[in-house]
Amino acid sequence: MAKQVVIQNPVINSPFVEPRWHFRFDDDGITDDIANGRRDSCYFVPIAQPRKKGPKQLLLDAEWTKDRIEENRMVNAIRRKVKTWREGRDSDDATRVTARLLEHWRRNDRFRRLFFCQIEAMETLIYITEVAKKYGDNAIENDLRDANADANPDLFRVACKMATGSGKTVVMAMLIAWQALNKFASKQDPRFTDSFLIVTPGITIRDRLRVLLPSDPSNYYRAMDIVPPDMLDQLGQARIIITNFHTFLHREKVKAGKLTKDILTQGKDAVPSAFTESEGEMVRRVCRGLGTGKELIVINDEAHHCYRRRVGGIEEKLTGDARIEAKKRDEAARVWISGLEAVQRKLGIKAV
């Protein structure tokens, strides 16, 4: 059994600079020993062990011990490259718009300083999009595309994984500003777009994200000083739709009784049918206002709710209420990711 360690002062780094220290792990788990440098990105591997909790049950032993640590090699490689670029950045590496935004975000005299993790998230996206290929570094994008081809071949998905409370909504605003302002500056540049579909898991979160609309009185671009004042008006031209994933469900077009439907569809539960929206009609409804033939950027908030179980993956054996709840989650996830795939087929998605 790992010993219990109480860390009296867990905050040892400033949120505004790259972490300089971390608490060390040993064979028994976390310690209160402070090691120099930032902790490498890693994860803990849970090991299934039989416990006396009833017949044929297996519990995960998830102790955080040193022998369970696995390195996130791709993440650490990207971090190193972005750090090298950050510290020796050439003014011509990125576009003028991007350079100006980076300078604005990193200013120390801001009335609201941005966290290091917020700026690093954007630096990473900028490096992959604008900088890497300039220096012949295609490995990151190739690795991402290989991973996508294995998990979700119809969509190009990239995740910025950030801790709760670290300000993900601010990063969404930064991402929109970076993309849209670059598109306005260079209409023909295929790396950028001015059209965004933001998808949330529910109405409450959808309403909370109204701060991402430049027209909202409390928008983050002004309130959080994301964009220089002289660029705010131009940002208002961006096309932004905020919705919840339930809107991807095909709606009924014609009200009819069950017997009438069974007769006309010969008992088949086909979607679309004469009574429900086609895929194209659903996409046009959800994306109304984004135009046609646009290459969208989709931003999934709470993105862990959007998935499709991999064929041949490990299936967790559940019973009772847990099984019913898991089935509901899987169905909701299927609606979400299937909806995005429909948007990709009908309009085109640059990245999720």
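The rules we used
- Residues numbered from 1 in each chain as written.
- Predicted model: local features only at pLDDT ≥ 70, side-chain atom pairs only at ≥ 80, totals over all residues.
- Heavy atoms only, no water.
- Buried < 20%, exposed > 50% of the residue type's maximum accessible area, 1.4 Å probe, protein only.
- Helix = DSSP H or I, 4+ residues; strand = E, 2+ residues; numbered from the N terminus.
- Expected span 1.5 Å × (residues − 1).
- Phe/Tyr/Trp six-rings, centres within 6.5 Å; stacked < 30°, edge-to-face > 60°.

With a phi angle near 55°, D225 is a residue other than glycine that sits in the positive phi range. Note on D225: relative accessible area 12%, which makes it buried. Positive phi is not limited to glycine here, since E302 has a value of about 55°. Examined against the element boundaries, E302 turns out to sit in the loop between β9 (296–300) and α11 (320–346). Its relative accessible area of 30% is what places E302 among the partly exposed residues.

This paragraph deals with helix α3 (residues 116–131). Here α3 spans only 20 Å end to end across 16 residues, well under the 22 Å set by a 1.5 Å rise per residue. Across the 16 residues of α3, 14 count as buried, placing the element largely inside the fold.

So, on to the environment of A139. Mapping A139 onto the fold places it in helix α4 (residues 139–151). Distance in space between the C-alpha atoms of A139 and M74 is 10.0 Å, their sequence separation being 65 residues.

Our next topic: the packing of aromatic side chains. Two aromatic rings, taken as a pair, are described by how far apart their centres are and by the angle between their planes. The tally for this structure, following the rule as stated, stands at five aromatic pairs. Their ring planes at 85° and their centres at 5.9 Å tell us that W178 and F192 sit as a pair that is edge-to-face. With W178 in helix α5 (residues 168–185) and F192 in the loop between α5 and β7 (195–200), this residue pair connects regions lying 14 residues apart in the sequence. We classify W178 as buried; its relative accessible area is 3%. A relative accessible area of 2% means that F192 is categorised as buried.

This is a description of form; function is not addressed.
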